[in-house]
Amino acid sequence: MAYLRLRRLIELAVLDRPGLAHVFRPRGPGAPRAAPAEQWDAHHAAGLYDGLVDPERRHHHHMLAGMIAERRPGARVLEIGCGQGAFYDSMRRLGPASYLGTDIAPRAIAGAQARFAQDVALGRAAFQVADGADLAPEARFDAIVIADCLEYLGPVRETLSRCGRLLAPGGVVGVTQWLASHPLALWRELKPAVTILDEAVVLAPWGGAWQVWTCRPAGVADG
Ligand SMILES: C[S@@+](CC[C@H](N)C(=O)[O-])C[C@H]1O[C@@H](n2cnc3c(N)ncnc32)[C@H](O)[C@@H]1O
C-alpha cells in the first residue's frame, strides 16, 4: 500500500514532465497491456470491475455522454470495452439513436445484457462479445466510446485509425482514462494524429482525476 501511494505521488509529480513520465512508465507484469479474453473474464468473475457501475464513481461517464450528445445528438454509438454497461447507463438517458456495446469478456457482456434486459428487448441497445483490437462491423457510427480501456487495445494510433474507418462523416471518438503517467503518455502520442474537439478533467472525490476527451481521427470528414 505504501508503495502504491508513493508511486501515485510520483505519477502526479511528473504529469507535466513528459520526459520523466516516460521514465516512470509502468513496466513488467503489472503494466497495462492487451490480454486474452480468459484473463478479462477471470477479472470480471472476481468482481474487479463491479464497483465501476456505482453512479458515484461514474462522473466521467456522465461528462463524456454529455459531450457526445451535444456534438452528435441522436448518435449511433459503438462502445469498445463496455464492461457491464457502466457508460451506457449514462448515455441511455440522453437518447442515442442506437447503442452497441462490445467487450472481449463474455462474462461482462452477460452482465450488461442482464442489467439492461429491457433496453435490449426494446431494440434500444445490444451487447456483443468482440475484441476491440479486431473490430470490423458492417454498420457506421456517429460516436465510438473507449472508456478506461484504451491501453488494452494495442498501439493507440492504430486503434484510432481503426475507429476512423468505422465512423460516419462528422463522427467522433470519445475517451476517458485515469489521469496518470501511462495514460498521459498515450494521450501525448495520440494528440498529433487526431483533431481534439473537447477536453476536460473530472475530479474523483477520493483523490485523482479522469481525463475525458472527444476527437476526430484523421480521414473522417467534418460532417
Ligand atoms: C477497466 S475495465 C473498464 C470497463 C468499462 N469501460 C467502464 O468504464 O466501466 C476494461 C474493460 O476492457 C475490456 N477489454 C480489455 N481488452 C479488450 C479488448 N481487446 N477488446 C474489447 N474489450 C476489452 C475488459 O474486459 C474490461 O471490461
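These numbers were taken from a predicted model, which means no experiment stands behind them.

Quick notes on the rules
Residues numbered from 1 in each chain as written. Predicted model: local features only at pLDDT ≥ 70, side-chain atom pairs only at ≥ 80, totals over all residues. Helix = DSSP H or I, 4+ residues; strand = E, 2+ residues; numbered from the N terminus. Buried ≥ 20, exposed ≤ 12 C-beta atoms within 10 Å, placed from the backbone. Contact = placed C-beta atoms within 7 Å. Pairing = 2+ DSSP bridges. Axes fitted to C-alpha atoms, helices over the stretch in contact; angles between N-to-C directions. Expected span 1.5 Å × (residues − 1). Core = buried A, V, L, I, M, F, W, Y, C linked by C-beta atoms within 7 Å. Near = placed C-beta within 6 Å. Nonpolar A, V, L, I, M, F, W, Y, C, P; charged D, E, K, R; others polar. Right-handed = clockwise from strand over helix to strand, strands pointing away.

**Details of the overall build of the protein chain**
Turning to step 1, where the next piece is worked out: Scanning the protein chain from terminus to terminus reveals 9 helices and 7 strands.
Turning to step 2, where the next piece is worked out: Put simply, the protein chain has 223 residues, and 38% of those count as buried.
Turning to step 3, where the next piece is worked out: Considering only residue pairs separated by 6 or more positions, the protein chain has 71% of its internal contacts joining residues 24 or more positions apart.

**Here's the deal with the environment of L167**
Turning to step 1, where the next piece is worked out: Looking at the element boundaries, L167 is found in strand β5 (residues 167-178).
Turning to step 2, where the next piece is worked out: The exposure class assigned to L167 is buried, which follows from the 23 C-beta atoms found within 10 Å.
Turning to step 3, where the next piece is worked out: Each C-alpha atom of the pair L167 and L78 lies 9.5 Å from the other, and the pair is 89 residues apart in sequence.
Turning to step 4, where the next piece is worked out: Residues contacting L167, with those up to four places away along its chain left out, are R140, F141, I144 and V220.

**A word on the sheet that holds strand β3 (residues 125-129)**
The pairing of strands in a sheet happens through backbone hydrogen bonds and is either parallel or antiparallel.
Turning to step 1, where the next piece is worked out: Read from one edge to the other, the open sheet built from 7 strands follows the order β3-β2-β1-β4-β5-β7-β6, with strand pairing classed as mixed. Two strands in the sheet have a free side with no partner beyond their single neighbour: β3 and β6 (194-203). Between one strand axis and the next, the sheet turns through 15° on average, direction left out of account.
Turning to step 2, where the next piece is worked out: Pairing of strand β4 (residues 141-147) with β5 involves 6 bridges; the strand directions are parallel.

**Section: helix α4 (residues 59-71)**
Turning to step 1, where the next piece is worked out: Here α4 spans 19 Å end to end across 13 residues, near enough to the 18 Å set by a 1.5 Å rise per residue.
Turning to step 2, where the next piece is worked out: For α4, the full list of buried residues reads H60, H61, M63, L64, A65, M67 and I68.

**Let's talk about the nonpolar core**
Turning to step 1, where the next piece is worked out: Counting residues in each nonpolar core, the largest one holds 52 residues, and the members touching the most others are I144 and I146.
Turning to step 2, where the next piece is worked out: Here this core gets 6 residues from one element, more than from any other, and that element is β4.
Turning to step 3, where the next piece is worked out: Setting aside chain neighbours within four positions, we find I144 in contact with L78, I80, C163, L166, L167 and V173.

**What to know about the site of the ligand**
Turning to step 1, where the next piece is worked out: Taken together, 22 residues lie around the ligand, and W40, G81, G83, G132 and C149 are the ones closest in.
Turning to step 2, where the next piece is worked out: Residues that form the shell around the ligand fall into these classes: 16 nonpolar, 3 polar and 3 charged.

**Some remarks on unusual backbone geometry**
Turning to step 1, where the next piece is worked out: Backbone geometry places D148, a non-glycine residue, at a positive phi of 60°.
Turning to step 2, where the next piece is worked out: By the element assignment, D148 lies in the loop between β4 and α8 (156-166).

**A closer look at the pairing of β5**
Turning to step 1, where the next piece is worked out: Traced from β4 through α8 to β5, the parallel crossover comes out right-handed.
Turning to step 2, where the next piece is worked out: In terms of strand pairing, β5 meets strand β7 (residues 209-217) through 6 bridges, oriented antiparallel. Directly across from G174, in β7, lies its bridge partner T214.

**Some remarks on the pairing of strand β1 (residues 76-80)**
Turning to step 1, where the next piece is worked out: Of all the 5 residues making up β1, 4 are buried; the element is thus mostly covered by neighbouring parts of the structure.
Turning to step 2, where the next piece is worked out: Relative to strand β2 (residues 98-103), β1 runs parallel, the two sharing 5 bridges. Note on β2: the bridge partner recorded for I80 is T102.
Turning to step 3, where the next piece is worked out: Of the crossover connections in this fold, the one passing from β1 over helix α5 (residues 86-91) to the parallel β2 is right-handed.
Turning to step 4, where the next piece is worked out: Of the strand pairs in this sheet, β1 and β4 are connected by 4 bridges, and their pairing is parallel. Opposite V77, over in β4, you have A143 as the bridge partner.

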